[in-house]
Amino acid sequence: MEHAPFPSDLIELQAEWQLTSAVLAVPHPVHTTALRRRLQTLSGQLLFHPYWSGPGRTPAARVELRRQARAMGWRP
C-alpha cells in the first residue's frame, strides 16, 4: 500500500526516538531517568502527530517511517 510522503518533522521525531532508545540500550547508561522521560515525550509526539490523522495511515507506514529515519543516517 502506498502512503503519503512523511513530513520532515515526523522523520526527525522518529530519528530522535531511535537515538534516545539506542542510548538507553547501552550497558550502564547515564541519566536514565531523563532519557526515559525524553523517550516518553517523543513517543507521545510521534503517536499524536497530525500526519497519522489522514486517511490510509496503516501500521506498515509506521514501519516505513522507522526505515526512512534509519536510512537517512539517524543512528548512534
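Since the structure is predicted, the reported quantities are computational estimates derived from the model, not experimental observations.

A look at the overall build of the chain
No. 1: Summing up its helical and strand segments, the chain has three helices and zero strands in all.
No. 2: By residue count, 25% of the 76 residues in the chain fall in the buried class.
No. 3: Here the analysis covers contacts within the chain between residues at least 6 apart in sequence; of these, 70% occur between residues at least 24 apart.
No. 4: Element-wise, carbon and sulfur atoms account for 60% of the exposed surface of the chain, whose accessible area totals about 5200 Å².

Quick notes on the nonpolar core
No. 1: Phe-6, Leu-10, Ile-11, Leu-13, Ala-15, Leu-42, Leu-46, Tyr-51, Trp-52, Ala-61, Leu-65 and Ala-69 together form the largest nonpolar core, which totals twelve residues.
No. 2: Among the secondary structure elements, those contributing two or more residues to this core are α1 (8-25), α2 (32-47) and α3 (59-71).
No. 3: Looking at this core, the element that brings in the most residues is α1, giving four residues.
No. 4: Once you skip the residues sitting within four places of it in the chain, Phe-6 turns out to touch Ile-11, Tyr-51, Trp-52, Ala-61, Glu-64, Leu-65 and Gln-68.

Structural notes on α2
No. 1: Taking 1.5 Å per residue, 16 residues should reach 22 Å; α2 reaches 22 Å between its end C-alpha atoms and fits that length.
No. 2: By the burial criterion, the buried members of α2 are Leu-35, Leu-39, Leu-42 and Leu-46. Angular distribution of buried residues about the axis of α2 spans 70°; they occupy a single face of the element. Summarising the geometry of α2, the exposed residues directed more than 90 degrees from the buried face are Arg-36, Arg-37 and Gln-40.
No. 3: Those residues of α2 that are buried are in contact with α1 and α3.

A word on the packing of aromatic side chains
No. 1: Taken as a whole and judged by the stated rule, the model has three aromatic pairs.
No. 2: Ring centres of Phe-6 and Tyr-51 lie 5.2 Å apart, and the angle between their planes is 50°; on these two criteria the pair is classed as tilted. You can see Phe-6 sitting in the segment before α1 and its partner Tyr-51 sitting in the loop between α2 and α3, a full 45 residues away along the chain.
No. 3: In this structure Phe-6 comes out as buried when scored by relative accessible area, which is 9%.
No. 4: A relative accessible area of 6% places Tyr-51 in the buried class.
No. 5: Feature note: the residues Phe-6, Tyr-51 and Trp-52 constitute an aromatic cluster, connected by ring pairs.
No. 6: Above the plane of the ring of Tyr-51 lies Arg-57, whose end atom (NZ or CZ) is 4.0 Å from the centre.

What counts as what
Residues numbered from 1 in each chain as written. Predicted model: local features only at pLDDT ≥ 70, side-chain atom pairs only at ≥ 80, totals over all residues. Heavy atoms only, no water. Helix = DSSP H or I, 4+ residues; strand = E, 2+ residues; numbered from the N terminus. Buried < 20%, exposed > 50% of the residue type's maximum accessible area, 1.4 Å probe, protein only. Contact = heavy atoms within 4.5 Å. Areas by Shrake-Rupley, 256 points an atom, 1.4 Å probe, with all protein chains shown as cover. Core = buried A, V, L, I, M, F, W, Y, C linked by side-chain atoms within 4.5 Å. Expected span 1.5 Å × (residues − 1). Arc of directions from axis to C-beta. Phe/Tyr/Trp six-rings, centres within 6.5 Å; stacked < 30°, edge-to-face > 60°. Lys NZ or Arg CZ within 6 Å of the ring centre and 35° of its normal.

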